[in-house]
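Examining the three-dimensional arrangement
Read off the chains here:
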Amino acid sequence: MTADLDEPLRVTVRATDDPPTIVLHGELDPHTAPLLERALSDLQSGGAGDVVLDLSGLEFMDSSGLRVVISAHKDLEAAGAKLTLRHPTATIGRLLDVTNLRSHLRVED
Amino acid sequence: MAFDVDTTPATARDPDAINNRTGETPPDTLRPFHQDEVVELIVPARTEHLRLVRLAAAGVASTVGFGLDRLEELRIAVDELAAVAIDESDPSQRLSVHYAGARGTVTVTGRVATTATSPPELHRVAQTLLDLMADDYSLNVSDGHLEFHLVKHGTPDMNES
């Protein structure tokens, strides 16, 4: 609950990482989810294969965020690539557990 | 920017404060956890204000003794319902949210003008989260307004007594 008031979600794309990594810092909700959606879309249209989402700075995620993540997972899987959720915070990790998404997504603690 | 720092011991400023040296806890120190807490929030019906909706919920929940996990579940549940309300309304409208905390339970009701004639069908993921995070919830449309109602209990121990 300490996200910047002026910038509720900061999305940093490290396109030169291998694999390309999107770092999220803040809160993912219906207001900010389009930012992640755009970053994922840009990477995929740029021909990226596997993608990593660094969640170590993500403090909140609701169904709008989960839908973006699930959709990206499906799109990448269909393209023969994979999405990895890296270092989820305790809050996000618990969300992945209770929704049973951890068993469907690739998560690196 | 300069800040004034009050170095007066807490016990000198507030006679209700815990005396850390003796470990004695004045009876009134725990009073906030037993008080009824009511908060009213009115915000424009826009998604950028969901953070305030969540923040107020967390504030009330912490005041009535919620643990971190239950507090986070409440934040998610109220966010989901408020997001639906905002989605069914117009950005020029105002979403009013009423929070009441008492005896380890937080009850949230929200209301916003809408042109819808019936509650929307929830997205499957939102439905799943609400089923997991809320102890009870409902969405109704009447008299040109969408209303939601949410009940969230704190730790099970608090509600068994």
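All figures in this text were calculated on a predicted structure; none of them were measured in a lab.

**Observations concerning the overall build of chain A**
- Scanning chain A from terminus to terminus reveals 3 helices and 5 strands.
- The C-alpha atoms of chain A give a radius of gyration of 13 Å, which matches the 13 Å a tight globule of 109 residues would have.
- Projected onto its principal axes, the C-alpha coordinates of chain A cover approximately 35 × 30 × 20 Å.

**Observations regarding the overall build of chain B**
- A tally of helices and strands in chain B yields 5 helices and 5 strands.
- Counting helices and strands in the order they occur from the N terminus, chain B gives α-β-α-α-β-β-α-β-β-α.
- Relative to its 161 residues, chain B shows a buried fraction of 30%.
- Partitioning the intrachain contacts of chain B with sequence separation of at least 6 by distance along the chain shows that 67% fall at a separation of at least 24.

**Regarding the pairing of strand E3 (residues 105-113) of chain B**
Residue and element names in this part refer to chain B.
- Only one face of E3 is covered, namely the face carrying Val106, Val108, Gly110 and Val112; the face carrying Thr105, Thr107, Thr109, Arg111 and Ala113 is uncovered.
- Where strand E2 (residues 94-102) lies against E3, 7 bridges are found, and the strand directions are antiparallel. The residue bridging alanine 100 from the neighbouring strand is threonine 107, located in E3.
- Between E2 and the antiparallel strand that follows it, E3, lie 2 residues; arginine 103 among them carries a positive phi value of about 50°.
- Looking at chain direction, E3 and strand E5 (residues 145-153) are connected through 9 bridges and run antiparallel. Paired with valine 106 across the two strands is lysine 152, which belongs to E5.

**A closer look at unusual backbone geometry**
- In this chain, aspartate 18 of chain A is followed by proline 19 of chain A through a cis amide linkage whose omega measures 0°.
- Looking at the element boundaries, proline 19 of chain A is found in the loop between strand E1 (9-14) and strand E2 (21-28).
- Despite not being glycine, histidine 87 of chain A has its phi angle at roughly 50°, a positive value.
- Positive phi values are uncommon outside glycine, yet arginine 103 of chain B reaches one of about 50°.

**Some thoughts on the sheet that holds strand E1 (residues 37-44) of chain B**
Residue and element names in this part refer to chain B.
- Pairing within the open sheet is antiparallel, and its 5 strands lie in the order E1-E2-E3-E5-E4. Edge strands, defined here as strands with exactly one partner in the open sheet, are E1 and strand E4 (136-142). On average, each strand axis in the sheet is tilted by 10° relative to the strand beside it, whichever way the strands run.
- Across the sheet, helix H3 (residues 68-87) lies against E2, E3, E4 and E5, angled at about 175° from E5, the strand it touches most.

**Here's the deal with the interface of chain A and chain B**
- Taken together, the 16 residues of chain A in the interface contact 19 residues of chain B.
- Listed by contribution, the elements that provide at least two residues to the side of chain A that touches chain B are helix H2 (63-78) and helix H3 (90-98) of chain A.
- Of all the elements, H2 of chain A adds the most residues to the side of chain A that touches chain B, at 4 residues.
- Of the residues belonging to the side of chain A that touches chain B, the class tally is 6 nonpolar, 5 polar and 5 charged.

**As for the nonpolar core**
- Core analysis: the biggest nonpolar cluster contains 33 residues, and Ala57, Ala77, Val78, Ala82 and Ala85 of chain B have the highest contact counts within it.
- Every residue in contact with alanine 82 of chain B, bar those within four places of it in the chain, is listed here: Leu50, Val53, Leu95, Val97 and Gly110 of chain B.
- Leu43, Leu66, Leu85 and Ile92 of chain A belong to the second-largest nonpolar core, a separate cluster that totals 27 residues.

**Here's the deal with the confidence of the model for chain B**
All names here are of chain B.
- Summarising the model, chain B shows a mean pLDDT of 82, and 75% of its residues fall at 70 or more.
- Per-residue pLDDT stays below 50 along residues 1-33; that stretch engages in 14 contacts with residues further than four places along the chain or on separate chains.
- Per-residue pLDDT stays below 50 along residues 157-161; that stretch engages in 5 contacts with residues further than four places along the chain or on separate chains.

**Some words on H3 of chain B**
- Here H3 of chain B is 20 residues long and its end C-alpha atoms lie 28 Å apart, about the 28 Å a rise of 1.5 Å per residue gives.
- Among the 20 residues that make up H3 of chain B, 17 are buried, leaving the element largely enclosed by the rest of the structure.

The rules behind the values
- Residues numbered from 1 in each chain as written.
- Chains lettered and ligands numbered in written order.
- Predicted model: local features only at pLDDT ≥ 70, side-chain atom pairs only at ≥ 80, totals over all residues.
- Helix = DSSP H or I, 4+ residues; strand = E, 2+ residues; numbered from the N terminus.
- Rg over C-alpha atoms; globule rule 2.2 N^0.38 Å.
- Buried ≥ 20, exposed ≤ 12 C-beta atoms within 10 Å, placed from the backbone.
- Contact = placed C-beta atoms within 7 Å.
- Pairing = 2+ DSSP bridges.
- Axes fitted to C-alpha atoms, helices over the stretch in contact; angles between N-to-C directions.
- Nonpolar A, V, L, I, M, F, W, Y, C, P; charged D, E, K, R; others polar.
- Core = buried A, V, L, I, M, F, W, Y, C linked by C-beta atoms within 7 Å.
- pLDDT = per-residue confidence, 0-100.
- Expected span 1.5 Å × (residues − 1).

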